[in-house]
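Commentary on secondary and tertiary structure
Each chain, written out:
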Amino acid sequence: MTVTIVKNGIKLKGKDDATVNVSEQYFGGFVHEASDDHFRLDSGFINQYRGKQPNFGFNGLGELVFYRTYSRIMTDGVKETFLDTLQRVVEGCYEIQRQHCRRLHIPWDYQKAMKSAQEMFERMWNFKFLPPGRGLWMMGTPFMWTRGSAALNNCGFVSTLDLMESDPAEPFCFLMDMSMLGVGVGFDTKGAGKIQIHRPANVKKSYVVHDSREGWVDSVRQLIQSFTSKTIEGELVFDYSAVRLEGTPINGFGGKASGPKILIELHSLIRKHLNNKVGKTLDSVDITDIMNYIGRCVVAGNVRRTAEIAFGEADDANYASMKNYKKTLQPEEIAKFEEVTGKLWAEALQRSKDACPQAKIEDFASTGIPTERLTRAIETWNAMNHHRWASNNSIFAHVGMDYKDVSEQIAVNGEPGLIWLGNMRDYGRLTDGLQPGIDGRVMGSNPCVEQSLESYELCNLVETFPANHDDAEDYMRTLKFAYLYAKTVTLLPTHNPRTNQVTLRNRRIGLSQSGIVQAFSKFGRRTVLKDFCDAGYNEVRRWDEIYSEWLCIQKSIKVTSVKPSGTVSLVAGATPGIHHPEASTYWRRVRLAKDSVLVKILSDAGYHIEPAISDPDRTLVVKFAVNDERVRPVEDVTIWEQMANAADYQRYWADNQVSCTVKFKHSEKNEICRVLEAYEDQLKGISFLPHVGHGYAQAPYEPCKPEEVEEYNSKIKPADYRAYITEASGSKYCDNDSCALPQ
């Protein structure tokens, strides 16, 4: 059965599961099947790699990350090897090009493409570059062809400024839709004060929730509109009977269904919040809370994760204090408050590792804290635990502002981060000087802040590893294929018309580098900045001229960035983005479910495995030994040097942005204001994080001696992952070093 689906005023034909075959519409009725003319790498070429072992990074850790995160189950029930994954990715990439050329009736040379594809494969195999985690997971899959390219993108941004009045629900629905595809989303609070909340008419309206991503998103749209633009239609009564039960497999994207419970809770949270705002307008805190409710819902479902970043105004006191439960307390009361909340956390974790403790006034009876101050602190603390953890909260900064108050907040827990919107709009690379309006429609950034983005725009990234090259000439060659991968992703539309409009206009991409400090050590800092970054940028621009002309598309508005990285850099054995590692030689611990088949695989290979202290009945901890004495640990690097690295990469490499989280020691917290004043006109975004030690049991990173690493790894055998047939978890949205693996 075929139905007509109306989305954003556009009629799309799809099957009765409410899916829409994006490629079929875009490529002119093309139905993607494994036909003879589908682009395939030559079997003789592929056979050269069968039986070979890739040089995974970090003494076995990279291989585990690959099988756990990116290796899909194939149609024969066997998990992909690295060879299989790269074959899927490369063939998908060149098939997109082929279909694009066929649609436009422009030349396509199969043999020339074959030669190019084989070199792309070789450079991926040798870890000179890789697609982002999203690409390793989704490129070349049927899901990509039927649902479009959104799932190939790491992240995106949506502004609440423009569409809030015409459709107040749209920004919230964009975030939910993309989050359910694993795309992290940034948003602003510029729509504050624009939307009046009204009580729905005193009639009941039944709404059957369709069992699909689109159905869940539309249910939220209808609920918000019932308090804003469609109040006359009355109060919604949801029917969840069509939503599949918890644990049911999800075809296409992968994972298992979470059941209707979490959606019911989301509806309840939004309804309660809007009822409390009847007669008032939504402010910045309301916008952020509703976005966070959605993020909380997405996290609770199957293999998906969510990443959000909120951007508020620097002078918005209510927004700034959303996570500051200490604001209403006296200094002597804070310790008492935290003693009680610490016990509440400990008790909650004993009951469940997914604990969400909620405090009550009576819990603080012995503290003597006055109720008028205590009530607000409890409300903030409860909200942080319940949903406000879902976003990092940052601010729009401007050159010349007073950073004193912001720096004091950062010194406590690292928030807020900062982006300079003026620098994002008026500069590419800093070395190219002021170019007013070069990216004038930019409204914000993604959760990791490596891309300048318009509203509804997505991050299209690819990751290169300079230190894995012989020299700069070798790196220049890699840039051709890294560029081609990213540019190809822009040829396949998403399911969202607004996103497609921005993508077609900008063709924005982000060639990134990881292992930057390793490259500094191998080639020298000056050589990297001059021969890899400055010359490399010009090489990317040269290829953009060539390929944009051939493909008959716009040149990319911006082409380079530095993403924070995480799982992809672990696979390749590279330090994440521009960041220094926690130590030069260290134990890296990863947590596994006690019943995971990985436990036996890793135990047989000789890895040390022990019960997790925090959850010994359900969780085990496996230990990897890593030696990378090429680089200095972050504790030996000042905040000034970290800022200088970020500024130099913003100057010579990134025309988008450099994602950099500067780690500061307690002794450096008073310098935060000064470094911001010193570098405000040399950066587009920055975040900070207090550097904490490793003085607790089973820490994810723990420094150790080189001889300990050598002795441990001498007893390790190659792990045999053939018995591991569990579906991989898939890439996590922005894929950064803080969320690379469950800790």
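Residues numbered from 1 in each chain as written. Predicted model: local features only at pLDDT ≥ 70, side-chain atom pairs only at ≥ 80, totals over all residues. Heavy atoms only, no water.

Overview of the overall build of the protein
Here is the rule: Secondary structure follows DSSP: runs of H or I at least 4 residues long count as helices, runs of E at least 2 residues long count as strands, and numbering of each begins at the N terminus. Throughout, exposure labels follow a simple rule: accessible area from a 1.4 Å probe, protein chains only, divided by the maximum for the residue type, with under 20% read as buried, over 50% as exposed, and the rest as partly exposed. Contact between two residues is taken to exist if any of their heavy atoms lie within 4.5 Å; hydrogens are not considered. Residue exposure ignores everything except the shown protein chains as possible cover, and the areas themselves are Shrake-Rupley values with a 1.4 Å probe. This count recognises Lys and Arg as positive and Asp and Glu as negative, with His and chain-terminal groups excluded. Every charge is mapped onto a representative atom, which is NZ of Lys, CZ of Arg, CG of Asp or CD of Glu.
For the protein, the count of helices and strands is 25 helices and 21 strands. Dimensions of the protein along its principal axes, counting C-alpha atoms only, are 75 × 65 × 55 Å. Every one of the 743 residues in the protein was classed for burial, and the buried ones make up 60%. The contacts in the protein between residues at least 6 apart in sequence include a share of 78% that link residues at least 24 apart. Here the protein displays about 29600 Å² of accessible surface, and carbon together with sulfur accounts for 50% of that area. Charge separation in the protein, taken as the distance between the mean sites of 89 positive and 95 negative side-chain charges, equals 3 Å.

Things to note about the sheet that holds strand β14 (residues 461-464)
Which entries qualify depends on this criterion: Paired strands, in this sense, are two strands between which DSSP finds at least two bridges.
One open sheet accounts for three strands, arranged β3-β14-β15; its pairing is mixed. Of all strands in the sheet, those bounded by a partner on one side alone are β3 (129-130) and β15 (510-513).

Some details on helix α20 (residues 525-551)
Short version of the rule: To estimate how far a helix should extend, the number of its residues minus one is multiplied by 1.5 Å.
Here α20 is 27 residues long and its end C-alpha atoms lie 36 Å apart, about the 39 Å a rise of 1.5 Å per residue gives. Backbone geometry just after α20 places C552 at a positive phi near 60°.

A short note on the packing of aromatic side chains
Keep this limit in mind: The pairing test for Phe, Tyr and Trp rings, Trp by its six-membered ring, is centres within 6.5 Å, and the orientation test on the planes gives stacked under 30 degrees, edge-to-face over 60, and tilted for anything in between.
Per the counting criterion, the structure on display carries 33 aromatic pairs. An angle of 65° between the planes, with centres 5.0 Å apart, marks the rings of Y49 and F121 as edge-to-face. Residue Y49 is found in the loop between α2 (43-47) and α3 (61-69), and its partner F121 is found in helix α5 (residues 110-125); the two are separated by 72 residues along the sequence. Look at Y49 and you get buried, because its relative accessible area is 9%.

Regarding empty space enclosed by the protein
Selection rule: A 1.4 Å probe that fits into a set of points on a 1 Å grid over the protein atoms alone but cannot get out defines a cavity; an open set with protein on both sides within 12 Å along at least five of seven lines defines a pocket, and lining residues are those with an atom within 4 Å of a point. Grid points are joined across faces, edges and corners, and a volume is the space filled by probe spheres set on the points. Lys, Arg, Asp and Glu make up the charged group, whereas Ala, Val, Leu, Ile, Met, Phe, Trp, Tyr, Cys and Pro make up the nonpolar group; the residues left over, Gly among them, are polar.
Counted under the stated rule, the structure contains six cavities of 30 Å³ or more. What lines the largest cavity is a set of 18 residues, and nearest its centre among them are S149, V489, T490, L492 and T503. For the lining of the largest cavity, the secondary-structure elements that each account for two or more residues are β13 (457-459) and α18 (497-506). The residue inventory of the lining of the largest cavity, partitioned by class, reads seven nonpolar, eight polar and three charged.

Description of the nonpolar core
The cut-off we apply is this: Remark: nonpolar core denotes a set of buried residues (Ala, Val, Leu, Ile, Met, Phe, Trp, Tyr, Cys) joined through side-chain atoms within 4.5 Å.
Counting 182 residues, the largest nonpolar core has L418, Y649, I686 and F688 as the members making the most contacts within it. With sequence-adjacent residues up to four places away left out, L418 is seen in contact with S394, I395, A397, Y403, V406, I410, L676, K684, G685, I686 and F688. By size, the runner-up hydrophobic cluster in this structure holds 14 residues, among which are I309, M424, V442 and C459.

A closer look at the packing of helix α10 (residues 261-275) against helix α11 (residues 284-299)
Formally: Note on method: axes are straight lines fitted to C-alpha atoms, helices fitted across the in-contact stretch only, with angles between N-to-C directions ranging 0 to 180 degrees. Just so you know how the angles are binned, under 35 degrees is roughly parallel, over 145 roughly antiparallel, 65 to 115 roughly perpendicular, and the rest oblique.
Contact geometry for α10 and α11: axes closest at 9 Å, N-to-C directions at 170°. Taken as axis vectors, α10 and α11 run roughly antiparallel relative to one another. On the side of α10, the interface is formed by I262, L263, E265, L266, L269, I270, H273 and L274, while α11 contributes D286, D289, I290, Y293, I294, R296 and C297. Of the residues in the contact of α10 with α11, the class split is ten nonpolar, one polar and four charged.

A closer look at the pattern of salt bridges
Keep this limit in mind: We define a salt bridge as a side-chain nitrogen of Lys or Arg found within 4 Å of a carboxyl oxygen belonging to Asp or Glu.
Scanning the entire structure with this criterion turns up 53 salt bridges. For R40, the salt bridge goes to E91, with nearest N and O atoms at 3.4 Å. Separated by 51 residues along the polypeptide, R40 in the loop between α1 (22-26) and α2 and E91 in helix α4 (residues 82-104) bring together distant segments of the chain. On the accessibility criterion, R40 (35% relative accessible area) is partly exposed. Residue class for E91 comes out buried when judged on its relative accessible area of 6%. Between D720 and R722 there is a salt bridge, and its shortest N-O distance comes to 2.7 Å. Note on D720: relative accessible area 36%, which makes it partly exposed. Using a relative accessible area of 71% as the deciding quantity, one classes R722 as exposed. Among the charged side chains, a network of salt bridges with common partners joins E119, R123, K128, D474 and R477.

Focus: the pairing of strand β9 (residues 391-397)
Among the seven residues of β9, six are classified as buried, and the element is accordingly described as predominantly covered. The pairing of strand β8 (residues 308-313) with β9 spans six bridges and is parallel. Along β9, the bridge assignment pairs G312 with I395. Alignment of β9 against strand β10 (residues 417-420), held across four bridges, turns out to be parallel. In the strand pairing of β10, I395 is matched with L418.

Section: α5
Across its 16 residues, α5 extends 22 Å between first and last C-alpha, which sits within 8% of the 22 Å expected from 1.5 Å per residue. Of the positions making up α5, those classed as buried are A113, M114, S116, A117, E119, M120, F121, R123, M124 and W125. Among the structural elements, α2, α4, β3 and α17 (472-489) are those in contact with the buried residues of α5. One or two residues past the end of α5 sits F127, with phi positive at roughly 55°.

Re unusual backbone geometry
With omega at 5°, the peptide bond leading from E415 into P416 counts as cis. Take P416: it is sitting in the loop between α15 (404-413) and β10. Backbone geometry places F58, a non-glycine residue, at a positive phi of 60°. The topology assignment puts F58 in the loop between α2 and α3. In this structure, Y456 is a non-glycine residue whose phi angle is positive, near 75°. By the secondary structure assignment, Y456 is in the loop between β12 (452-453) and β13.

So, the confidence of the model for the protein
The following threshold applies: One confidence number per residue, pLDDT, is output by the predictor and ranges from 0 to 100.
The pLDDT averaged across the protein works out to 90; a share of 90% of its residues lies at or above 70. Every residue in residues 29-34 scores below 50 in pLDDT, and together they form twelve contacts with partners more than four places removed in sequence or on other chains.

Structural notes on the pairing of strand β6 (residues 204-208)
To be explicit about the condition: Handedness rule for crossovers: strands pointing away from the viewer, path from the first strand over the helix to the second running clockwise, crossover right-handed.
Here β6 runs beside strand β7 (residues 235-239); their pairing, made up of five bridges, is parallel. Looking at the pairing, K205 lines up with L236 of β7. Read from β6 through helix α9 (residues 213-225) to β7, the crossover connection turns out right-handed.

A closer look at the environment of R213
Inspection of the secondary structure assignment puts R213 in helix α9. With 33 residues separating them along the chain, R213 and M180 place their C-alpha atoms 6.9 Å apart. Sequence-distant contacts of R213, defined by excluding residues within four places in its chain, comprise R147, D177, M180, L181 and H495.

Observations concerning the sheet that holds strand β16 (residues 585-593)
The sheet built from four strands is open, its strands ordered β17-β18-β16-β21 with antiparallel pairing. The outermost strands of the open sheet, each flanked by one partner alone, are β17 (608-611) and β21 (701-703). On average, adjacent strands in this sheet sit at an angle of 30° to one another, irrespective of strand direction. Sitting on the sheet, α3 is in contact with β16 and β18 (619-627), with an inclination near 25° to β16.

Some details on the side chain of R271
Spelled out, the test is: Pairs of N or O atoms are called polar contacts if they sit within 3.5 Å, as long as, within protein, a hydrogen donor faces a hydrogen acceptor (for residues adjacent in sequence, only side-chain-to-side-chain pairs).
The residue R271 is located in helix α10 in this model. Among the polar contacts made by the side chain of R271, one reaches the main-chain carbonyl oxygen of L236 at a distance of 3.3 Å. Excluding its chain neighbours within four sequence positions, the residues that come into contact with R271 are L223, F227, E235, L236 and F238.

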